[in-house]
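Summary of structural features
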Amino acid sequence: DTLAAKVGFKDFPSLMKEIENISGQRTENMRNQMISQQVIKRLLAENPFEVPEFAYKLEAQQIAGKHTEAEFQALSVEERDMYLAQAKDNVRLSFILDTLAEVEPETCFNDMEVVNIIKNKVHQAGQNPDQFIAESSKNGKLSGMMLRVKSDAALQWIVSKCKIVD
């Protein structure tokens, strides 16, 4: 009970219950991530199309954490190829999910709805939503976040329609 009191719980059983809840949530999150990754692999495999290099080159630089073309070119050939392949898949997946989001009513959100979703997540994280949105808009990251919310909604819709076999 002393340990429980030190970390803010009234007794040891309540501490153990909280640990079990957290563990269960993490297990569920990991399971959902694994399912989503399998769905993504399948979407990419079943929807092969070429993406022009200009459409994914900047994405590769961002994944690599390189801000300029020169910094990106300074990487080894193997590293560049790995980042380019990942970026190409990201862009292909984005096109696939964007197409779905345009035609499936359950995944269609207008910009205001998307901004409100972002604001709610920011508020839950303990930050000022309006300030976050203003800063993100100013630095150009808001549009990317909005696309991510729409893509995530489309992916979650696909996952919800899948027959999961353990």
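The residue numbering used here restarts from 1 in each chain and proceeds along that chain's sequence as written. Whole-chain, interface and lining totals are the exception, using all residues; otherwise, since this is a predicted model, local features are given only for residues with pLDDT of at least 70 and side-chain atom pairs are given and counted only at 80 or more. Working from all heavy atoms in the structure, the side-chain values ignore hydrogens and water.

Attention now moves to a nonpolar patch on the surface. For patch building, the residue pool is restricted to those with more than 30% relative accessible area and no salt bridge; the joining distance is 9 Å between like charges and 5 Å between nonpolar side chains (Val, Leu, Ile, Met, Phe, Trp, Tyr). All accessibility values rest on the Shrake-Rupley procedure with a 1.4 Å probe; residue burial counts only the protein chains present in the view. Within this document, salt bridges are pairs made up of a side-chain nitrogen of Lys or Arg and a carboxyl oxygen of Asp or Glu, the two lying within 4 Å of each other. On the surface, Leu3, Val7, Phe12, Met16 and Ile19 cluster together into a nonpolar patch covering about 430 Å² of accessible area. By definition, any uninterrupted DSSP run of H or I lasting at least four residues is a helix, any uninterrupted run of E lasting at least two residues is a strand, and each is numbered from the N terminus. Sorting elements by how many residues they give to the nonpolar patch places helix H2 (residues 12-46) first, with three residues. In this fold, methionine 16 is placed in helix H2. On the basis of relative accessibility, which here comes to 30%, the residue methionine 16 falls in the partly exposed class. Categorising residues by exposure relies on relative accessible area from a 1.4 Å probe, with only protein chains included: less than 20% of the type maximum marks a residue as buried, more than 50% marks it as exposed, and the intermediate range marks it as partly exposed.

Looking at the secondary structure, you find isoleucine 117 in helix H6 (residues 111-124). Judged by relative accessible area, which is 25%, isoleucine 117 ranks as partly exposed. Residue contacts are defined here by distance: any two heavy atoms, one from each residue, within 4.5 Å place the two residues in contact. Beyond its immediate sequence surroundings of up to four residues, isoleucine 117 is in contact with Phe109 and Val149.

So, about the layout of surface pockets. When its volume is computed, the largest pocket comes out at roughly 990 Å³. Lining the largest pocket are 26 residues, and of these Glu59, Asn90, Ser94, Arg148 and Ser151 sit closest to its centre. Looking at the lining of the largest pocket, the elements that each hand over two or more residues are H2, helix H3 (53-64), helix H5 (77-103) and helix H8 (142-161). With nine residues, the single largest contributor to the lining of the largest pocket is H5. Each residue belonging to the lining of the largest pocket can be placed in one class, and the counts come to nine nonpolar, 10 polar and seven charged. In this structure, the second largest pocket occupies an estimated 280 Å³ of space. Here a cavity denotes grid points, spaced 1 Å and computed from the protein atoms alone, that fit a 1.4 Å probe unable to get out, and a pocket denotes an open set having protein on both sides within 12 Å along at least 5 of 7 lines; residues with an atom within 4 Å of a point are the lining. Along its surface, the second largest pocket is lined by Ile35, Gln38, Val39, Arg42, Leu43, Glu46, Ile158, Cys162, Lys163, Ile164 and Val165. Grid points are joined across faces, edges and corners, and a volume is the space filled by probe spheres set on the points. Any residue that is not Ala, Val, Leu, Ile, Met, Phe, Trp, Tyr, Cys, Pro, Asp, Glu, Lys or Arg is counted as polar, Gly included; the first ten are nonpolar and the last four charged.

Another aspect to go through is the pattern of salt bridges. All chains considered together, the criterion is met by eight salt bridges. Among the salt bridges present, the one from lysine 88 reaches glutamate 50, with a minimum N-O distance of 3.0 Å. Remark: glutamate 50 occurs in the loop between H2 and H3 and lysine 88 occurs in helix H5; sequence separation between them is 38 residues. Aspartate 130 is the salt-bridge partner of lysine 119, the closest N and O atoms lying 3.0 Å from each other. You can see lysine 119 sitting in helix H6 and its partner aspartate 130 sitting in helix H7 (residues 129-138), a full 11 residues away along the chain. What makes lysine 119 partly exposed here is its relative accessible area of 24%. Put simply, Glu53, Lys57 and Glu69 are held in one network by salt bridges that share partners.

A helix is expected to reach a length of 1.5 Å times the quantity of its residues less one. An ideal rise of 1.5 Å per residue puts 39 Å on 27 residues; H5 measures up with 39 Å between its terminal C-alpha atoms. What H5 keeps buried is the set Arg80, Tyr83, Leu84, Ala87, Val91, Arg92, Leu93, Ile96, Leu97, Leu100 and Ala101. Those residues of H5 that are buried lie in contact with H2, H3, helix H4 (69-73) and H8.

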